Amino acid sequence: MDKLIKTIANTGSFRAFVLDSSETVRRAQEKHQTLASSTVALGRTLIANQILAANQKGDSKVTVKVIGDSSFGHIISVADTKGHVKGYIQNPGVDIKKTATGEVLVGPFMGNGHFVSIVDYGTGRPYTSTTPLISGEIGEDFAYFLAESEQTPSAVGLNVLLDDKDQVKVAGGFLVQALPGAPEEEIARFEKRLQEMPAISDLLASEDHVDALLSAIYGDEGYKRLSEEPLSFYCDCSRERFEAALMSLPVSDLQEMLAQDQGAEIVCQFCQQRYVFNAKDLEGMIHDKA
């Protein structure tokens, strides 16, 4: 099962989140039938949103939009504070690799655009933050977003590794943040270690990538594990929700659906679940609205 581990340095100067999101991204790939580049781009966005949602309290929801003007189109994700995340990519069929190494390419196919975070606290006044995409690699764009919006010294890494059949092998990431009052010398020590740490892809390829990430982050520094929380791909769509959406349409639209198609079929963008409303269903809605 996927998990997010929250830790803090024994000195109280730093905290770190480490995520194993392999099953989350695997489910997303299965739901959307994404090819290699689209799988990695969508997976990185889901992991970034899991990190953002882990920073929230209560029943907040975080929507992340990676808005590009190239091959991928937009990537949309919604996460909550219970570890649930869902998402989709407009073009699931991008599959481009470097000829020499087989490396999956992402950045060149995002194009110009923005990283957008919308936090809904349930008050009816969501808070929106936007930063430009600086590379299209999503991990780097997320790190830039954190630096600009959080105004907190942070380091972030996230990635998705595929097997030789382009299925998700492992996915995960980390966030490291300095806490208020952290001494400059301790900040410098952490920064040096983070700069020298292996690539996130190498750490994820380790036999126990969670421990590998924690070891790379803390080195010989002592730390405490504060909590271990479950993560999952989960969509809260329902037939009732889509029925309510149909009921919000004008009667004339429902009558047109009934006359032309003898029903309606709605597909959830986030999980591809299909909901079918037959002629009798539409007739009942028209009667209820009369």
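Rules behind the numbers
Residues numbered from 1 in each chain as written. Predicted model: local features only at pLDDT ≥ 70, side-chain atom pairs only at ≥ 80, totals over all residues. Heavy atoms only, no water. Helix = DSSP H or I, 4+ residues; strand = E, 2+ residues; numbered from the N terminus. Buried < 20%, exposed > 50% of the residue type's maximum accessible area, 1.4 Å probe, protein only. Contact = heavy atoms within 4.5 Å. Lys, Arg positive; Asp, Glu negative; His and termini not counted. Charge placed at Lys NZ, Arg CZ, Asp CG, Glu CD. 1 Å grid on protein atoms, 1.4 Å probe; cavity = no way out; pocket = protein on both sides within 12 Å on 5 of 7 lines; lining within 4 Å. Points joined across faces, edges and corners; volume = space filled by probe spheres on them. Nonpolar A, V, L, I, M, F, W, Y, C, P; charged D, E, K, R; others polar. Pairing = 2+ DSSP bridges. Axes fitted to C-alpha atoms, helices over the stretch in contact; angles between N-to-C directions. Phe/Tyr/Trp six-rings, centres within 6.5 Å; stacked < 30°, edge-to-face > 60°. Lys NZ or Arg CZ within 6 Å of the ring centre and 35° of its normal.

Enquirer: Summarise the overall build of the protein; cite the residues concerned and give the values.
Expert: Within the protein, the regular secondary structure consists of nine helices and 13 strands. Across its three principal directions, the C-alpha atoms of the protein cover 70 × 50 × 35 Å. Within the protein, the proportion of its 290 residues that are buried is 48%. In the protein, of all internal contacts separated by at least 6 residues, the share reaching a separation of at least 24 is 64%. Counting 27 positive and 41 negative side-chain charges, the protein places the centres of these two groups 3 Å from one another.

Enquirer: Describe the layout of surface pockets, with residues and values.
Expert: As a volume, the largest pocket reaches approximately 310 Å³. V40, R44, E103, V104 and V160 are, among the 17 residues lining the largest pocket, the residues nearest its centre. Those elements giving two or more residues to the lining of the largest pocket turn out to be α2 (36-54) and β8 (154-162). The residue inventory of the lining of the largest pocket, partitioned by class, reads eight nonpolar, three polar and six charged. In this structure, the second largest pocket occupies an estimated 150 Å³ of space. Lining the second largest pocket, in full, are L52, Q56, S117, V119, Y121, Y127, S129, F145, S149 and E150. Contributing elements (two or more residues each) for the lining of the second largest pocket: β6 (113-120), β7 (127-132) and α3 (139-149).

Enquirer: Outline the pairing of strand β12 (residues 263-267), supporting the account with residue identities and numerical values.
Expert: By the bridge criterion, five bridges tie β12 to strand β13 (residues 274-278) in an arrangement that is antiparallel. The partner of E265 across the bridge, within β13, is V276.

Enquirer: Give me the sheet that holds β6: which residues, what numbers.
Expert: Ordered by their spatial adjacency, six strands build an open sheet running β7-β6-β3-β4-β5-β11, and the pairing between neighbours is mixed. Edge positions in the sheet fall to β7 and β11 (232-233), since each of these pairs with one other strand and no more. Pairing of strand β3 (residues 61-68) with strand β4 (residues 74-80), which is carried by seven bridges, proceeds in the antiparallel orientation. The partner of K65 across the bridge, within β4, is I76. Sheet contacts for α3: β6 and β7; angle to β7, the most-contacted strand, approximately 125 degrees.

Enquirer: Give me the packing of aromatic side chains: which residues, what numbers.
Expert: Summed over the entire model, instances satisfying the criterion amount to seven aromatic pairs. Ring centres of F242 and Y275 lie 5.2 Å apart, and the angle between their planes is 40 degrees; this geometry places the pair in the tilted category. Residue F242 is located in helix α7 (residues 239-247), and its partner Y275 is located in strand β13; the two are separated by 33 residues in the primary sequence. When its relative accessible area of 17% is taken as the criterion, F242 is described as buried. Taken together, F14, F190, Y218 and Y223 form an aromatic cluster joined through their ring pairs. R193 extends its terminal NZ or CZ atom over the ring of F190, reaching a point 4.6 Å from the ring centre. Positioned over the ring face of F277 is R239, at 4.2 Å from the centre of the ring.

Enquirer: Quick rundown of the sheet that holds strand β10 (residues 223-230)? Include the residues and the values.
Expert: Read from one edge of the open sheet, five strands run β8-β9-β2-β1-β10, paired in antiparallel fashion. The two strands at the open ends of the sheet, each matched to only one other strand, are β8 and β10. Strand-to-strand twist in this sheet, taken as the mean axis angle between neighbours without regard to direction, amounts to 10 degrees. Here strand β1 (residues 3-9) runs beside strand β2 (residues 14-20); their pairing, made up of six bridges, is antiparallel. Paired with L4 across the strands is L19, a residue of β2. The sheet strands contacting helix α1 (residues 22-32) are β2, β8 and β9 (168-178), and the helix crosses β9 at an angle near 130 degrees. This element, α2, spans β1, β2, β8 and β9 of the sheet and lies at about 145 degrees to β8.

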